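Structure assessment
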Amino acid sequence: MQNNVEDFDVVVIGGGPGGSTASTLLAMQNNRVLLLEQDKFPRYQIGESLLPATIHGICKILGLSEELKKAGFVRKLGGTFRWGTNPTPWTFSFSTASTISAPKAYAYQVERAKFDTMLLRNAANKGVDVREQHSVKNLLFEDGRVAGVEFLDADGNTHSATARYVVDASGHKSHIYKNVGERIYSNFFQNLALFGYYENGGRFPAPRDGNIFCAAFDEGWFWYIPLSDTLTSVGAVVSKEHADMLKDGHEQAMNRFIASCPEISNLLANATRVTEGMYGELRVRRDWSYANERFWVPGLVLIGDAACFIDPVFSSGVHLATYSALLAARSINSILNDGMEERRCFEEFEKRYRREFRNFYEFLATFYDMHQNEDSYFWRARKVLRSDKSIQEAFVTLVSGGSSLYDEELLVNTEHVEKIKTELRELESTDDDAAPYFANEKQAFLDVLVEEATQIQTQATVGAKRGDEQPLFEGGLIPSADGFRWREVAPTLAGVL
Ligand SMILES: Cc1cc2nc3c(=O)[nH]c(=O)nc-3n(C[C@H](O)[C@H](O)[C@H](O)COP(=O)(O)OP(=O)(O)OC[C@H]3O[C@@H](n4cnc5c(N)ncnc54)[C@H](O)[C@@H]3O)c2cc1C
């Protein structure tokens, strides 16, 4: 049954982190936004290990800092790896990056059902018309551009909504992306993941107890993500050549993978697999490494997994989803509120989004070469970022979601140098197992500290206002002072004379 047609400025498809973020940022600029989500939240989703740029950047802009603090998610200070040629695990800490002040040098490990629900409810609180159990079936077109959507409500009734823009944030299962271009699958990343949940798995000593642990084994690697004091998300990522090993059933395959990875079998020695409720299933995901050949057409823009995804190893998924949401919202706000040209805004969106995607892609391709040691990974990060920073800092900047920070200033350093020094001293003294790592890296670490101190003092003097920026690309746009829109670069006196 076809009901009446409603009209909005923007329709957003999907209520994951990408859709919730984009819709909130659009509504905060007084646009009328409809968000359609096919599931009823809270719903299960994989992707639990987050980056500082999401927590202290995007979530802060969304007004969620206090709620996040109260939610009790596990604090993640960095990552611990048994990878490459080095037989002993090594650790990186977010605090090594100069763009991240020590009090903000952490992210969270989140139960996505809770985190995504928080973001979706926040969107509704900020004025977005959120409708769960509403599924988009088709796009509407007018004069060669996308002009709205056709959707089903929870009772199966058909509705239509027209809009100046449609944002597709419907994730990897999106069927809308086909209207923009072909999804190109990576020839290099052809992995599958088998994952489940365990109670009472072991923990590293503090302060690494909240870290993501990635451990390589013959067929691939494991993630081990502490979600609470007792619950752990455990996943095996293996090349798709090993898909046959799943033929005898998921339980048997998981047990075989665990048995062939000593670090993970030790951590799970006294653990039991959760077999009931949302976490009771052993799930499989495959074919996740792709990018669409284009990210927008007139009236329609792709963000998050609808546009691209690479690989879980450095937890880039939610970062890319929320960062692309910010870029897309900035573009639509500029077109609708400031009358800026559509092509100019979306070209800026796509270039910046592809740059962030490419940074992770290039780096991860190297990281998958398990014959290297961590120094090579560090060097590679520096090359990818075209950075002249210390190698350790370039690495951490990249894996914090920090390459976007250079142009976004998402993390504002406002705390004092002494506080940072104290925190770092505490980190070193409490982390006995990691002491050799810190000893080796001490000089580089201190260099970073000095650089960070200088930045913090400058930032504290000028306040949180965005300073003058240069465009990232020749002739490109720069973010407005509040970061919600684009703006043209003011002509310089030299250019006028
Ligand atoms: C094995 C694996 C491990 C991962 N681990 C991590 C990790 O540790 N950290 C990390 O950051 N990322 C990780 N990711 C990536 C992460 O899961 C995604 O990048 C992230 O969820 C993308 O967010 P999104 O908002 O784009 O899409 P989603 O979170 O997928 O949300 C899309 C939403 O759209 C809805 N939807 C779909 N179709 C329609 C429709 N037609 N109408 C209405 N609604 C619709 C869906 O119900 C869903 O709620 C991992 C991915 C994989 C495959």
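Report on the accompanying structure. (Residues numbered from 1 in each chain as written. Predicted model: local features only at pLDDT ≥ 70, side-chain atom pairs only at ≥ 80, totals over all residues. Heavy atoms only, no water.)

Right, let's get into the site of the ligand. Around the ligand sit 37 residues, and of these E37, Q45, I46, S49 and D305 come closest. Between the ligand and P17, the relevant distance is 3.3 Å, taken from an oxygen atom to a main-chain nitrogen or oxygen of the residue. In the environment of the ligand, an oxygen atom lies 2.8 Å from a nitrogen or oxygen atom belonging to the side chain of D305. For the ligand, whose unbound accessible area comes to 1000 Å², protein coverage reaches 96%. Of all elements in the fold, only α1 (17–27), β2 (33–37), β8 (135–142) and α7 (317–338) reach the threshold of two or more residues within the shell around the ligand. A class-by-class count of the residues in the shell around the ligand yields 14 nonpolar, 16 polar and 7 charged. (Near = heavy atom within 4 Å. Polar contact = N/O pair within 3.5 Å; in protein donor to acceptor, adjacent residues only side chain to side chain. Areas by Shrake-Rupley, 256 points an atom, 1.4 Å probe, with all protein chains shown as cover. Helix = DSSP H or I, 4+ residues; strand = E, 2+ residues; numbered from the N terminus. Nonpolar A, V, L, I, M, F, W, Y, C, P; charged D, E, K, R; others polar.)

Running from amino to carboxyl end, helix α2 (residues 52–61) crosses α7 at an angle of 30 degrees, the nearest separation of the two axes being 9 Å. In terms of axis orientation, α2 runs roughly parallel to α7. Relative to α7, α2 is oriented so that their crossing is left-handed. From α2, A53, T54 and I58 reach across to α7, where they touch V318, H319, T322, Y323 and L326. Partitioning the contact of α2 with α7 into residue classes produces 5 nonpolar, 3 polar and no charged. (Axes fitted to C-alpha atoms, helices over the stretch in contact; angles between N-to-C directions. Parallel < 35°, antiparallel > 145°, perpendicular 65-115°, else oblique. Left-handed = near helix turned anticlockwise from the far one by under 90°. Contact = heavy atoms within 4.5 Å.)

The linkage connecting F41 with the following residue, P42, adopts the cis geometry, with an omega of 0 degrees. Residue placement: P42 occurs in the loop between β2 and α2. Of the consecutive residues A206 and P207, the connecting peptide bond is found in the cis state with omega at 10 degrees. Mapped onto the fold, P207 is located in the loop between β12 (191–199) and β13 (212–217). Phi is positive for N30, which is not a glycine, with a value near 65 degrees. By the element assignment, N30 lies in the loop between α1 and β2. Residue N30 is classed as exposed on the basis of its relative accessible area of 70%. With phi around 55 degrees, Q133 is a residue other than glycine that occupies positive phi space. Among the secondary structure elements, Q133 is positioned in the loop between β7 (129–132) and β8. (Buried < 20%, exposed > 50% of the residue type's maximum accessible area, 1.4 Å probe, protein only.)

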